Amino acid sequence: MPSREWPTNLWPIIYSDYLVFVDESGDHGLVSIDPDYPVFVLDFCIVRKDHYANFVTPRLQEFKFTHFGHDLVILHEHDIRKKKPPFKFLENRKKNGIFMADLSRLIDEADFTIIAAVIDKRRHASTYTRPINPYDLALRLCMERTYMLLKGLGQHMRTTHIVVERRGRKEDAALELAFRRNRDDMPSFEIVFADKKTNSVGLQLADLTARPIGRHVVNPQQPNRAWDIIREKLRRSPAGRYEGWGLKVFP
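Throughout this document, residue positions are counted from 1 along each chain, in the order its sequence is written. With the structure being a predicted model, the display of local features is reserved for residues of pLDDT at least 70 and the display and counting of side-chain atom pairs for 80 or more, all residues being used for whole-chain, interface and lining totals. Calculation of side-chain values draws on the structure's entire complement of heavy atoms; hydrogens and water are dropped beforehand.

Draft legend 1. Structural context of the packing of helix H5 (residues 134–152) against helix H6 (residues 169–182). Axis definition: a line fitted to C-alpha atoms, limited for helices to the stretch in contact. Angles are taken between N-to-C directions and run from 0 to 180 degrees. Think of it this way: any DSSP run of H or I at least four residues long counts as a helix, any run of E at least two long counts as a strand, and we number them from the N terminus. As a packed pair, H5 and H6 sit with axes 10 Å apart at the nearest point and diverge in direction by 40°. One way to sum up the angle between H5 and H6 is to call them oblique. Judged by the sense of rotation from one axis to the other, the crossing of H5 with H6 is right-handed. Within the contact between the two elements, H5 uses Tyr135, Asp136, Leu139, Arg140 and Met143 and H6 uses Leu175, Ala178, Phe179, Arg181 and Asn182. Each angle is binned into one of four classes, with values under 35 degrees roughly parallel, values over 145 roughly antiparallel, values of 65 to 115 roughly perpendicular, and all other values oblique. By definition, turning the near helix anticlockwise from the far helix through less than a right angle yields a left-handed crossing, and turning it clockwise yields a right-handed one. What makes two residues a contact is simply this: any of their non-hydrogen atoms within 4.5 Å.

Draft legend 2. Summary view of the side chain of Gln155. With respect to the helices and strands, the residue Gln155 is situated in the loop between H5 and strand S4 (159–165). Here a polar contact is recorded for every N or O atom pair within 3.5 Å, except that within protein the pair must consist of a potential hydrogen donor and a potential acceptor, and residues adjacent in sequence are included only if both atoms are side-chain atoms. Within polar-contact distance, the side chain of Gln155 engages the backbone nitrogen of Asp17 at 2.8 Å. Filtering out sequence-adjacent residues up to four positions away, Gln155 remains in contact with Ser16, Asp17, Tyr18, Leu150 and Thr160.

Draft legend 3. Structural context of the pattern of salt bridges. By salt bridge we mean one thing: a side-chain nitrogen of Lys or Arg within 4 Å of a carboxyl oxygen of Asp or Glu. Under the criterion given, the structure shown has 20 salt bridges. Among the charged side chains, a salt-bridge network with shared partners connects Arg140, Glu144, Arg145 and Asp185.

Draft legend 4. Region of interest: helix H7 (residues 201–218). One less than the number of residues in a helix, times 1.5 Å, gives the span that helix is expected to have. Counted at 1.5 Å a residue, the expected span for H7 with its 18 residues is 26 Å, and the 27 Å between its end C-alpha atoms agrees. Burial classification: accessible surface area is computed with a 1.4 Å probe over protein chains only, and a residue below 20% of its type maximum counts as buried, one above 50% as exposed, and the rest as partly exposed. In terms of burial, H7 is a largely internal element, 15 of the 18 residues being buried.

Draft legend 5. Structural detail: unusual backbone geometry. Of note, the amide linkage connecting Pro85 to Pro86 takes the cis form, showing an omega dihedral of 5°. Among the structural elements, Pro86 can be located in the loop between helix H2 (77–82) and helix H3 (93–109). Following Phe250, the chain continues to Pro251 via a peptide bond in cis, the omega torsion being -5°. Within the secondary structure, Pro251 sits in the segment after strand S6 (247–250). Although it is not a glycine, Lys83 adopts a positive phi angle of roughly 60°. Counting through the fold element by element, Lys83 comes out in the loop between H2 and H3. Judged by its relative accessible area of 27%, Lys83 falls in the partly exposed class.

Draft legend 6. Structural view of the packing of helix H1 (residues 49–68) against H3. Relative orientation of the contacting elements H1 and H3 amounts to 175°, with a least axis distance of 10 Å. The angle between H1 and H3 falls in the class roughly antiparallel. Along its contact with H1, which presents Phe55, Arg59, Leu60, Phe63, His67 and Phe68, the element H3 presents Ile98, Phe99, Asp102, Leu103, Leu106 and Glu109. When grouped by side-chain class, the residues that make up the contact of H1 with H3 number 8 nonpolar, 1 polar and 3 charged. Gly is placed with the polar residues, together with every amino acid not listed as nonpolar (Ala, Val, Leu, Ile, Met, Phe, Trp, Tyr, Cys and Pro) or charged (Asp, Glu, Lys and Arg).

Draft legend 7. Molecular detail of the nonpolar core. Leu75 and Ile213 are the most contacted members of the largest nonpolar core, which has 40 residues in total. At the level of elements, strand S1 (15–25), strand S2 (39–48), H1, H3, strand S3 (113–120), H7 and helix H8 (225–230) are the ones that each hand at least two residues to this core. Here the element with the most residues in this core is H7; it accounts for 6 residues. The contacts of Ile213, once residues within four sequence positions are left out, are Val41, Asp43, Ile114, Ala116, Val118, Trp227, Ile230 and Leu247. One finds Tyr18, Val22, Phe44 and Leu141 within the second-largest nonpolar core, a separate group that totals 30 residues. Working definition of a nonpolar core: buried Ala, Val, Leu, Ile, Met, Phe, Trp, Tyr and Cys residues. They are joined through side-chain atoms within 4.5 Å.

Below you can see the structure in the form of structure tokens.
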């Protein structure tokens, strides 16, 4: 009788029930450090695929239909904050209030988990003689915590895609090298590069949540409505702590 076993190279890939979307805030250079924002933030947004397809994506489309009449607009935190086109209408105080309230409600109601690493570049550069590139360091910290989250969900043996936005040929090559190096202990991860013009709902969530995390770390006393929402989505310990679990500040 023929064997029922599959040849090793023909085993079907079992995909995870989750997707991971990544964005950053701040630059990872250590030579010229902005005193007003001396941190580099890497933000992982982890979401179940069924919730992403059935709730998050249609809700964001509905939001765009309401405020723009179409869903081709890509939400960039920087452009929204600076009120650049197509967000120039936010100069109107009333429209801005409605827009931000609707956007905050959407993010609040979406069910996803955030794992972020914040590198204090001044302390990092002054503490170590040969400091590790902040992007590489933050990537390792986020990957480790995401892997442990997936392990707790019984998903760590399934292939999980980590979606990142392209930054340029040289930068992408360096990122992929760092990812492959870190992946040695977490072989179930696969990286996917998305073009900057890709209208990815998940990447927009990551973009919208990265900077508020950095702003909170830089100035925790400053009122930060976005942080108040994001804080509730951070991965937590069994005791309910997010420090070191969903948010790692280094050093």
